[in-house]
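Topology and contacts: notes
Residues per chain are reported as follows:
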Amino acid sequence: MDRHDGFREFVLARQQSLMRTAYLLTGDAHLAEDLLQSVLAKVVGHWPKLSKEGNPEAYTRKALVNQYIAWKRRSRPESPSAYPPESGMSYDDATLDRIVLRRVLAKLTCKQRAMIVLRFWEDLTEAQTAEVLGCSIGNVKSQTHHALARLRMLAPELVDVRMEEVTR
């Protein structure tokens, strides 16, 4: 019996969901792939213990968030331009809302962004989010409240847009 039995099946079953989380955290498909790959490389080392006694998905999500936060701390901030690039495309309102939401998500702190992604995109409960992030339910509630308030401040035009419409 191989010590990594079940790891391949876990990755195949949860890869799309984990990749979505990584993308929503990073805002970039290539960085999301790098993030997920580096986290899965760490998870495989802990697989024997995780597969027997732990919750591998919660552990992996927590590792994604922690690795993302670590990357953000090490990286230098981007210098935004006053002039957005010309796209030459027209978008419908839902697409524009998603674009605006992704841009304002990038302006949240790493932990606030993680809260919004886990609670509203991944549809985790407060208890599940607390487990993933290794914090209390009260912390999840307060951080989510602060993150939503900051989103409303940064993009007041999205206040009336329901989160489930934006995530489609």
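Here, every reference points to the structure presented above.
Rules used in this analysis
- Residues numbered from 1 in each chain as written.
- Predicted model: local features only at pLDDT ≥ 70, side-chain atom pairs only at ≥ 80, totals over all residues.
- Heavy atoms only, no water.
- Helix = DSSP H or I, 4+ residues; strand = E, 2+ residues; numbered from the N terminus.
- Buried < 20%, exposed > 50% of the residue type's maximum accessible area, 1.4 Å probe, protein only.
- Contact = heavy atoms within 4.5 Å.
- Areas by Shrake-Rupley, 256 points an atom, 1.4 Å probe, with all protein chains shown as cover.
- Salt bridge = Lys/Arg side-chain N within 4 Å of Asp/Glu carboxyl O.
- Axes fitted to C-alpha atoms, helices over the stretch in contact; angles between N-to-C directions.
- Parallel < 35°, antiparallel > 145°, perpendicular 65-115°, else oblique.
- Nonpolar A, V, L, I, M, F, W, Y, C, P; charged D, E, K, R; others polar.
- Arc of directions from axis to C-beta.
- Phe/Tyr/Trp six-rings, centres within 6.5 Å; stacked < 30°, edge-to-face > 60°.

A separate point is the overall build of the protein chain. In terms of regular secondary structure, the protein chain is built from eight helices and zero strands. Helices and strands appear in the protein chain in the N-to-C order α-α-α-α-α-α-α-α. Among the 168 residues that make up the protein chain, the fraction classed as buried is 35%. Within the protein chain, contacts between residues separated by at least 24 positions form 69% of all contacts whose residues are at least 6 apart in sequence. Accessible surface, the protein chain as shown: approximately 10800 Å² in total, 51% of it carbon and sulfur.

A few words on the pattern of salt bridges. Under the defined criterion, the tally for this structure stands at four salt bridges. Between Arg 20 and Glu 122 there is a salt bridge, and its shortest N-O distance comes to 3.1 Å. Within this pair, whereas Arg 20 is found in helix H1 (residues 7–26), its partner Glu 122 is found in the loop between helix H5 (110–121) and helix H6 (126–133), the two being separated by 102 residues in sequence. Classification of Glu 122 as buried rests on a relative accessible area of 10%.

Another point: the packing of H5 against helix H7 (residues 137–154). Between H5 and H7, the least distance of the axes is 9 Å, while the angle of their chain directions is 100°. Taken together, H5 and H7 sit at an angle that is classed as roughly perpendicular. Note on element contacts: H7 touches H5 through Asn 139, Val 140, Gln 143, Thr 144, His 146, Ala 147, Leu 148, Arg 150 and Leu 151, opposite Gln 112, Met 115, Ile 116, Arg 119 and Phe 120. Grouping the constituent residues of the contact of H5 with H7 by class yields seven nonpolar, five polar and two charged.

Among all positions in H6, only Thr 129, Ala 130, Val 132 and Leu 133 are buried. Looking straight down H6, one finds its buried side chains confined to an arc of 160°; they lie on one side. In this structure, the buried residues of H6 make contact with helix H3 (56–74), H5 and H7. Backbone geometry just downstream of H6 places Gly 134 in the positive-phi region, at approximately 65°.

Moving on, we come to the packing of aromatic side chains. Throughout the structure, instances matching the rule amount to two aromatic pairs. Here Phe 7 and Trp 47 contribute two aromatic rings whose centre-to-centre distance is 5.3 Å and whose plane-to-plane angle is 75°, an arrangement assigned as edge-to-face. Separated by 40 residues along the polypeptide, Phe 7 in helix H1 and Trp 47 in helix H2 (residues 29–53) bring together distant segments of the chain. What makes Trp 47 buried here is its relative accessible area of 4%. For the pair Phe 10 and Trp 47, a centre-to-centre distance of 5.3 Å together with 35° between the ring planes defines the contact as tilted.

A few words on the environment of Leu 154. With respect to the helices and strands, Leu 154 occurs in helix H7. A C-alpha to C-alpha distance of 9.6 Å links Leu 154 and Arg 103, two positions 51 residues apart in sequence. Ignoring any residue separated from it by four or fewer positions in sequence, one finds Leu 154 in contact with Val 104 and Lys 107.

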